[in-house]
Amino acid sequence: MPRMGIFDAKPYDREFFESINREFLFDLKFFPGHLNTDTVELAKGCDAVCVFVNDHCTRDVLERLVGLGVKVIALRSAGYNNVDLRAAYKMIHVVRVPAYSPNAVAEHAVALILTLNRKTHRAYYRTRDNNFSIVGLLGFDLKGKVAGVIGTGKIGQALIRILNGFGMRILAYDKAPDPELTKEWNVRFVDLDTIFRESDIISLHCPLTPETQHLINEKTIARMKPGVMLINTGRGRLIDTQALIEGLKSKKVGAAGLDVYEEESEYFFEDFSDSFIPDDVLARLLTFNNVLVTSHQGFFTTEAMTSIARITLENVKEFFDGKPLTNEICYRCDSPVCTKKTEGRCF
Ligand code: NAI
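An account of the accompanying structure is given in this report. Note that this is a predicted model, so its numbers are computed, not measured.

Comments concerning the nonpolar core
Point 1. Judged by nonpolar contacts, the single largest core of 64 residues is most densely connected at Met4, Phe17, Ile150, Ile202 and Leu244.
Point 2. Of all the elements, helix H12 (residues 302–320) adds the most residues to this core, at eight residues.
Point 3. Formed jointly, this core draws a minimum of three residues from each of two domains, domain 1 (3–100 + 302–343) and domain 2 (102–293).
Point 4. Residues in contact with Ile202, not counting those within four places in the same chain, are Gly148, Ile150, Ile195, Phe196, Met224, Val228, Met229, Leu230 and Ile231.
Point 5. In terms of nonpolar packing, the next biggest core, distinct from the first, is built from 23 residues, Ala109, Leu181, Met229 and Ile231 among them.

Some words on unusual backbone geometry
Point 1. Of note, Asp8 is a non-glycine position whose phi angle comes to about 50°, a positive value.
Point 2. With respect to the helices and strands, the residue Asp8 is situated in the loop between strand E1 (3–6) and helix H1 (11–21).
Point 3. Given a relative accessible area of 2%, Asp8 falls into the buried group.
Point 4. With a phi close to 60°, Asn186 is a non-glycine residue in the positive phi region.
Point 5. On the secondary structure map, Asn186 appears in the loop between helix H7 (179–185) and strand E8 (188–189).
Point 6. The exposed category is assigned to Asn186, whose relative accessible area is 64%.

So, the sheet that holds strand E2 (residues 27–30)
Picture the strands of a sheet paired through backbone hydrogen bonds; they go either parallel or antiparallel.
Point 1. Read across the sheet, five strands follow the order E2-E1-E3-E4-E5 without closing on themselves; strand pairing throughout is parallel. Only two strands of the sheet have a single neighbouring strand rather than two, namely E2 and strand E5 (93–95). Shown here is a sheet whose adjacent strand axes are inclined to one another by a mean of 20°, direction ignored.
Point 2. Strand contacts of H1: E1, E2 and strand E3 (48–51), with the helix running at about 175° to E2, the strand carrying the most contacts.

Some details on the pattern of salt bridges
Point 1. For the structure shown, the criterion picks out 18 salt bridges.
Point 2. One salt bridge in this structure joins Arg64 and Asp60, with 3.7 Å as the shortest N-O distance. With a gap of four residues between them, Arg64 and Asp60 both fall in helix H2 (residues 59–67), about one helical turn apart.
Point 3. The exposure class assigned to Arg64 is partly exposed, which follows from its relative accessible area of 28%.
Point 4. The salt bridge involving Glu198 is made with Arg197; its shortest N-O contact spans 4.0 Å.
Point 5. Counted as one network, the salt bridges with shared partners bring together Arg188, Asp193, Arg197, Glu198 and Arg223.

As for helix H10 (residues 241–249)
An α-helix turns once per 3.6 residues; consequently, residues spaced three or four apart project the same way.
Point 1. Inspection of H10 places Thr241, Ala243, Leu244, Ile245, Gly247 and Leu248 among the buried residues, and these make up the whole buried set.
Point 2. Where the residues of H10 are buried, they touch helix H9 (218–222), strand E10 (228–232), strand E11 (253–258), helix H11 (280–285) and strand E12 (291–293).
Point 3. By the N-cap criterion, in which a side-chain oxygen at the helix start approaches the backbone nitrogen of a residue two or three places on, H10 is capped by Asp240, the distance to Gln242 being 3.2 Å.
Point 4. Count one or two residues on from H10 and you reach Lys251, which has phi positive near 70°.

So, the packing of aromatic side chains
Point 1. Per the counting criterion, the structure on display carries 13 aromatic pairs.
Point 2. The interplanar angle of 35° and the centroid separation of 6.5 Å between the aromatic rings of Tyr261 and Phe268 together place this pair among those described as tilted. Each member of the pair Tyr261 and Phe268 is classed as buried.
Point 3. Members of the aromatic cluster, connected to one another through ring pairs, are Tyr12, Phe52, Phe269, Phe299 and Phe300.

Reading guide: rules and limits
- Per chain, residues are indexed from 1 in the order of the written sequence.
- For a predicted model such as this one, the threshold for reporting local features is a pLDDT of at least 70, and the threshold for listing and counting side-chain atom pairs is 80 or more; totals across whole chains, interfaces and linings nevertheless cover every residue.
- With hydrogens and water excluded, all non-hydrogen atoms of the structure serve as input to the side-chain values.
- Residue types Ala, Val, Leu, Ile, Met, Phe, Trp, Tyr and Cys, when buried and joined through side-chain atoms within 4.5 Å, form a set referred to as a nonpolar core.
- Burial classification: accessible surface area is computed with a 1.4 Å probe over protein chains only, and a residue below 20% of its type maximum counts as buried, one above 50% as exposed, and the rest as partly exposed.
- Note on conventions: DSSP H or I runs of at least 4 residues are helices, E runs of at least 2 residues are strands, and numbering of each starts at the N terminus.
- Those domain boundaries reflect an automatic or database domain assignment.
- Contacts are residue-level and defined by heavy atoms, with any inter-residue pair within 4.5 Å sufficient.
- Strand pairing is assigned whenever DSSP detects at least two bridges linking the two strands.
- With axes taken as lines fitted to C-alpha atoms, and helix axes fitted only over the stretch in contact, angles between N-to-C directions fall between 0 and 180 degrees.
- Just to be clear on terms, a salt bridge is a Lys or Arg side-chain nitrogen sitting within 4 Å of an Asp or Glu carboxyl oxygen.
- Contacts described as polar in this section are N or O atom pairs within 3.5 Å, which, within protein, must combine one atom able to donate a hydrogen with one able to accept it, while residues neighboring in sequence count only if both atoms come from side chains.
- What counts as a ring pair is set by centres within 6.5 Å for rings of Phe, Tyr and Trp (its six-membered ring), and what kind of pair is set by the plane angle: stacked under 30 degrees, edge-to-face over 60, tilted for all other angles.

Structural data, given as structure tokens:
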């Protein structure tokens with residue numbers, strides 16, 4: 001059976017992949033480190049590699065993988081900004097898991113909203129210290145407040161459904177607005193400026209692209225409502241973190257829930273509790289009690305992990321069975337010139 005090297009493999013990845021692989025019988029090799037120019041040689045003997053969000057598939061890494069005989073890269077994520085798709089085109093196939101549990105990420109965004117609003121992260125520590133004061137824990141009713149959802153794909157829509165249940169008014173911005181959402185969930189599609197001006201809570205669910213990089217920056221923060229809550233479960237670089245810190249210091253930003261961070265690849269998913277964080281920007285963020293950082297765990301539910309392992313192994317099986325690749329991506333996939341649908345494979 002083909003051998004697949006799984007990079008950045010944590011114990012939970014091993015557990016889910018080994019369990020689902022009983023049906024597929026691939027030869028799985030688990031590597032705990034990230035895939036990069038220093039570690040790429042580990043892929044020697046592998047027919048496929050499986051990577052996660054902080055494994056960087058640069059041109060150099062891709063060329064060396066091909067040189068080692070690797071034929072397909074299986075992303076066990078939806079986002080693919082960590083792969084140089086232009087370099088990969090016609091060199092190596094790239095498949096991904098486009099959706100595993102949009103609810104998992106949307107529900108995590110809601111966890112961040114509720115925690116920051118009702119300050120349960122602070123209450124938890126207070127009561128454990130026999131401090132039963134509620135001074136400083138004042139929140140607000142979500143009912144009737146305005147949520148601005150940027151990116152109304154699978155996760156954005158799952159969030160909209162939940163926030164509707166709270167009775168929030170929902171504004172949305174998407175490059176391709178879906179009129180069904182307006183009909184079904186009373187969503188008002190508006191321009192970005194209106195989102196910034198009118199929202200009490202802004203949640204980011206668009207992909208990271210050159211267009212969306214630093215979408216939240218000094219200028220856009222200046223246009224927001226005083227005390228706005230920012231939630232980012234998308235990608236770290238959607239927010240200019242230094243601008244966010246200035247916004248928090250001036251109290252323009254009332255709270256921030258961040259499941260992703262611009263420079264997360266150095267830290268997220270790793271344990272630094274016996275060490276220190278050399279990144280002064282992250283360290284500063286962690287000093288605000290109205291900032292909640294979680295380390296890219298939005299996807300981390302049993303349902304999503306099961307789905308990720310299954311779809312990844314199905315993607316790789318399709319490749320080695322010579323079948324059309326349901327979840328292949330290439331740099332042209334978003335454009336009208338993409339021929340994938342007619343040919344079954346991107347090249
Ligand atoms: P999706 O592809 O279903 O939806 C993305 C939406 O963003 C689409 O409706 C698209 O039209 C829109 N969009 C594209 N460019 C835009 C722009 N410039 N401005 C506004 N909207 C734009 O993707 P899905 O599954 O909803 O995921 C969204 C993002 O969430 C992913 O790109 C990924 O970065 C992130 N993600 C985070 C996870 C976590 O664990 N924190 C897990 C999975 C995804």
